[in-house]
Amino acid sequence: MATVVAFHAHPDDETLLTGGTLAAAAAAGHRTVIVVATDGHMAALDGQKALRLKELAASAAALGVARVVHLGYADSGHGAVLFADPPDRIRFLRADVNEAAERLAAILREENAQILLSYDRNGGYGHRDHVRVHEVGTRAAELAGVPRVLDATMPRENVAHVVRFLRSLRVRVGPSVLGSLYSAGSEITHRIDVSSYAAQRKAAVAAHRSIIEGSGSFAAIAKVILRLPTPILGRVMHWEWFIEEGAEPVDQPLDDIFEPA
């Protein structure tokens, strides 16, 4: 069986682009691991365990994930200003790429990972921590000799449909998401049917209570997900998409994608 490591920027990111894939891989008997670059917090933690990491642990349990690891960085935030580092850790964007990649590579070696799930080169919707995940993940896979890297993404052509759906539910979505983000459909090499794992994904989203109670974009999307009946959610969030460099664009069954190298 394969060991699949999913590398994410923040707690809650694991639910949207790879949650179904992780649940499906775990259900098929593969070992799944989440590595998160940041704890999702901007300020000092004063020696306390980050609340969002506790929520991530609950989310991972809902998805059947065997292990969760935090690389030790703080959230870099999203906006024009990159704030000073909190006194107890540095922001992910300020981390040296090779140093961060070696931290991740050590976990990949320890787990003997056959597959790394990362992000596309645009970092999905462009968050600077997500772009850095792609850079660090690519380098870490090289250092650790991971044979397969699947970059999580969405077809750029589908984003407009998602935005229209959210707006029909009176969810505010900025026009920037309609730009040249995520990936062109012609670049996508794997499309995984995750419709059977809607209940697990909903439970994983619900675990991130502190963010759902806020007013950010994840909160808006999460509230829609949690309101939808599970069968409808399975239809709305039917697929997860990945790019594997050097592979031909093709729909592959889950067992073929996660066949041990």
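As a reminder, the structure under discussion sits directly above these lines.
Residues numbered from 1 in each chain as written. Predicted model: local features only at pLDDT ≥ 70, side-chain atom pairs only at ≥ 80, totals over all residues. Heavy atoms only, no water.

It is a general feature of regular strands that their side chains alternate between the two faces of the sheet. Bridge analysis of strand E2 (residues 31-38) against strand E3 (residues 67-73) gives five bridges, and the strand direction is parallel. Paired with Thr38 across the two strands is Tyr73, which belongs to E3. Crossover handedness for the path E2 to helix H3 (residues 51-62) to E3: right-handed. (Pairing = 2+ DSSP bridges. Helix = DSSP H or I, 4+ residues; strand = E, 2+ residues; numbered from the N terminus. Right-handed = clockwise from strand over helix to strand, strands pointing away.)

This brings us to helix H2 (residues 19-27). Burial analysis of H2 places seven of its nine residues in the buried class, which makes it a mostly covered element. For H2, the full list of buried residues reads Gly19, Gly20, Thr21, Leu22, Ala23, Ala24 and Ala25. Two residues or fewer past H2, Gly29 is found with a positive phi of approximately 100°. (Buried < 20%, exposed > 50% of the residue type's maximum accessible area, 1.4 Å probe, protein only.)

Before going further, it helps to spend a moment on unusual backbone geometry. The backbone phi angle of Asp12 is positive, close to 100°, even though this residue is not glycine. Classification of Asp12 as buried rests on a relative accessible area of 6%. At Asp46, a residue that is not glycine, the phi angle is positive and equals roughly 50°. Locating Asp46 in the fold gives a position in the loop between E2 and H3. Take Asp46: its relative accessible area is 67%, and that puts it in the exposed class.

Within helix H7 (residues 198-206) the residues assigned to the buried category are Ala198, Arg201, Lys202, Ala204 and Val205. Looking down the long axis of H7, one finds its buried residues gathered within 160° of arc, a one-sided arrangement. (Arc of directions from axis to C-beta.)

What follows covers the packing of aromatic side chains. Counted under the stated rule, the structure contains two aromatic pairs. Ring pairing ties together the aromatic residues Phe7, Tyr73 and Phe92, which thus form one cluster. Geometry around Trp239 places Arg191 over its ring, the cationic atom sitting 3.7 Å from the centre. (Phe/Tyr/Trp six-rings, centres within 6.5 Å; stacked < 30°, edge-to-face > 60°. Lys NZ or Arg CZ within 6 Å of the ring centre and 35° of its normal.)

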